[in-house]
Amino acid sequence: MMLAAHSVSASFADAGGVAIQALQDVSASFAPGQLTAVVGPSGSGKTTLLHALAGIVVPQQGRILFGEVELNRLSEGRRDAWRLAHCGMVFQDFRLIDELDALANVLLPAQFSRLHLPTTLRQRGMELLARFELPQRAGPVARLSRGEQQRVALARALLLDPPILLADEPTASLDADNGQRIAAALQDIARQGKTVVTVTHDERLSARADQVLTMKSGRVLS
Ligand SMILES: Nc1ncnc2c1ncn2[C@@H]1O[C@H](COP(=O)(O)OP(=O)(O)OP(=O)(O)O)[C@@H](O)[C@H]1O
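Residues numbered from 1 in each chain as written. Predicted model: local features only at pLDDT ≥ 70, side-chain atom pairs only at ≥ 80, totals over all residues.

- Looking at an unreviewed UniProt entry, the protein chain carries the name Putative ABC transport system ATP-binding protein, with the source organism given as Roseateles toxinivorans.

Here we look at the sheet that holds strand 8 (residues 195-199)
As a general point, the strands of a sheet are linked pairwise by backbone hydrogen bonds and lie either parallel or antiparallel.
So, step 1. Strand order in the open sheet formed by six strands is 6-7-8-3-9-10, and the pairing between neighbours is mixed. Across the chains shown, the open sheet's two edge strands, defined by having one partner strand only, are strand 6 (87-90) and strand 10 (219-220).
So, step 2. With four bridges connecting them, strand 6 and strand 7 (residues 164-168) associate as parallel partners. When the bridges of strand 7 are listed, methionine 89 appears paired with leucine 166.
So, step 3. Strands in contact with helix 1 (residues 46-53) are strand 3 (35-39), strand 7, strand 8 and strand 9 (211-216); relative to strand 8, the strand with the most contacts, it is inclined by about 150 degrees.
So, step 4. Sheet strands in contact with helix 7 (residues 176-191) are strand 3, strand 7 and strand 8, and its direction is about 150 degrees off that of strand 8. (Pairing = 2+ DSSP bridges. Helix = DSSP H or I, 4+ residues; strand = E, 2+ residues; numbered from the N terminus. Contact = placed C-beta atoms within 7 Å. Axes fitted to C-alpha atoms, helices over the stretch in contact; angles between N-to-C directions.)

Let's talk about the pairing of strand 8
So, step 1. For strand 8, the tally of buried residues reaches five of five residues, placing the bulk of the element in the interior.
So, step 2. Alternating residues of strand 8 divide into Thr195, Val197 and Val199 and Val196 and Thr198, and every residue in both groups is buried.
So, step 3. Across four bridges, the pairing between strand 3 and strand 8 is parallel. Considered in strand 8, the bridge of valine 38 is made with valine 199.
So, step 4. Of the pairings in the sheet, the one linking strand 7 to strand 8 comprises five bridges and is parallel in character. Residue pairing across strands places alanine 167 opposite threonine 198, the latter belonging to strand 8. (Buried ≥ 20, exposed ≤ 12 C-beta atoms within 10 Å, placed from the backbone.)

Laid out in structure tokens, this is it:
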């Protein structure tokens, strides 16, 4: 199913109540199997676009479509449920729970939706840790390196096998090796048929993209 933004505009009020136009008439399509890199200067609207695609930000104008579903028309509760079922999110600041171990962090999305964790999901969580070469040992995730934490965040985003993966600067401040690893993993995930959209300043990652959207002042230039 195609994920698409149609003429999307979104604004925020700054501390003084003045409107900041974060997205202006943005249209773009994101196909299954495609890795898209969203690039552009700081403040150009990249994260806002990613959050609009996830239904976190609701645009004042335009539509966000996933197949037939018009995300911007859903209530907040239904958008949250849609996101849990369809979107894996990797946030810029990871949003891991520091005192939990890697596996417990990876299993978090499952715990939002059920009381008992099926063994199959636990198994999948362990497989994802292995796939990203993460230590199985217990111990707070805060003690892992930044590169390892980034991979835990990615493993968590994939737990429920969502059709869409949205990743905000997933290689930021990683060393060359870890950056390449994450970039290759994202390309691989797209090749497996998922829709992958990543905000990045990293040419190692944008060089692997099937589509590059360059943003400036809330608009998509290309
Ligand atoms: N929740 C918010 N409240 C107020 N203003 C916001 C909010 N989120 C974003 N903005 C503003 O909207 C504009 C676009 O921000 P956005 O985070 O989308 O840019 P970006 O291209 O992702 O930047 P960066 O590369 O620095 O992360 C900026 O001027 C930002 O200050």
